Amino acid sequence: MANRIITISREFGSGGRTIGRQTAQRLGIPCYDAELIEKIAEESGLAGDYIREKGEHSVHANPLANIFMSDRSNGGFSMQDYLWKVQRQVVCDIAEKGSCVIVGRCADYILRERQDVLAAFIHADMEKRAERIVRVYGEDVDTPILKRVKEKDKRRKTYHRFYTDEEWGRAQNYHICLDSGVLGIDTCTDILCSLYEK
């Protein structure tokens, strides 16, 4: 059977990482999330913490600031550009090896030309996401969680736009968009497994 790959893009706090892991476990295929960071670290020589923070998120929420940071106007090549290049190659290599679930890292865009990829976007309303962050990650309810969620989404959106020229979270850029706040984590997993097996 040909390789079959599910890419999971997700809003912060939507449970996309958990859905990816559960889906892979149910299907008996690998899930690349933290493992992807390790592989990128091996290939790039960069620290895992740096990749975890910069591999999906823009340094600045302002798109213009990123252009200047990259120094692309002068033909420059920033550290984040280097990380994107390595990340792209690692995602392509993983896709060639066999069926899997890949969480984040713009894998939906990187693998967009392949016919064996199901690209999913997981989202939920802000209140449900904030509640999940408190419950699952043990964040203090007194911290400005909603502000943090918005900022993280904005930086992820800016990064995605900068390197893919596509709008992160726009339904037309994915095969399926699932509201985990309404459907629940398990139902989202059921749907992805069902689509994979068809």
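Residues numbered from 1 in each chain as written. Predicted model: local features only at pLDDT ≥ 70, side-chain atom pairs only at ≥ 80, totals over all residues. Heavy atoms only, no water.

(A) Structural view of the overall build of the protein chain. Helix and strand counts for the protein chain come out as ten helices and five strands. Taking all 198 residues of the protein chain together, the buried fraction comes to 48%. For the protein chain, the computed accessible surface area is about 10200 Å², with 50% contributed by carbon and sulfur atoms. (Helix = DSSP H or I, 4+ residues; strand = E, 2+ residues; numbered from the N terminus. Buried < 20%, exposed > 50% of the residue type's maximum accessible area, 1.4 Å probe, protein only. Areas by Shrake-Rupley, 256 points an atom, 1.4 Å probe, with all protein chains shown as cover.)

(B) Just the nonpolar core, in detail. The biggest cluster of nonpolar side chains holds 26 residues, and the ones touching the most others in it are Leu36, Ile102 and Leu111. Mapped onto this core, the elements with two or more residues apiece are helix 2 (34-44), helix 5 (79-97), strand 3 (100-103), helix 6 (107-110) and helix 8 (145-164). Residue contributions to this core peak at seven residues, all from helix 5. Setting aside residues up to four positions removed in sequence, leucine 36 forms contacts with Val90, Val91, Ile94, Ile102, Val103 and Arg105. (Core = buried A, V, L, I, M, F, W, Y, C linked by side-chain atoms within 4.5 Å. Contact = heavy atoms within 4.5 Å.)

(C) Region of interest: helix 10 (residues 185-197). Between its terminal C-alpha atoms helix 10 stretches 19 Å, which fits the 18 Å expected from 13 residues at 1.5 Å a residue. The secondary structure elements touched by the buried residues of helix 10 are strand 1 (5-10), helix 1 (16-27), strand 4 (117-123), helix 7 (126-137), strand 5 (176-179) and helix 9 (180-183). (Expected span 1.5 Å × (residues − 1).)

(D) Quick look at unusual backbone geometry. Backbone geometry places cysteine 106, a non-glycine residue, at a positive phi of 60°. As for its placement among the helices and strands, cysteine 106 is situated in the loop between strand 3 and helix 6. Residue cysteine 106 is classed as buried on the basis of its relative accessible area of 8%.

(E) A look at the packing of helix 1 against helix 10. Between helix 1 and helix 10, the shortest axis-to-axis distance is 9 Å and the interhelical angle comes to 45°. With respect to helix 10, the element helix 1 is oriented oblique. The two elements helix 1 and helix 10 meet at a crossing, and its hand is right-handed. Listed contacts from helix 10 to Thr18, Ile19, Gln22, Thr23, Arg26 and Leu27 of helix 1 are Ile185, Asp186, Cys188, Thr189, Asp190, Leu192, Cys193, Tyr196 and Glu197. Class assignment of the residues belonging to the contact of helix 1 with helix 10 gives a composition of seven nonpolar, four polar and four charged. (Axes fitted to C-alpha atoms, helices over the stretch in contact; angles between N-to-C directions. Parallel < 35°, antiparallel > 145°, perpendicular 65-115°, else oblique. Left-handed = near helix turned anticlockwise from the far one by under 90°. Nonpolar A, V, L, I, M, F, W, Y, C, P; charged D, E, K, R; others polar.)

Geometric descriptors of this kind do not, in isolation, establish any biological role.
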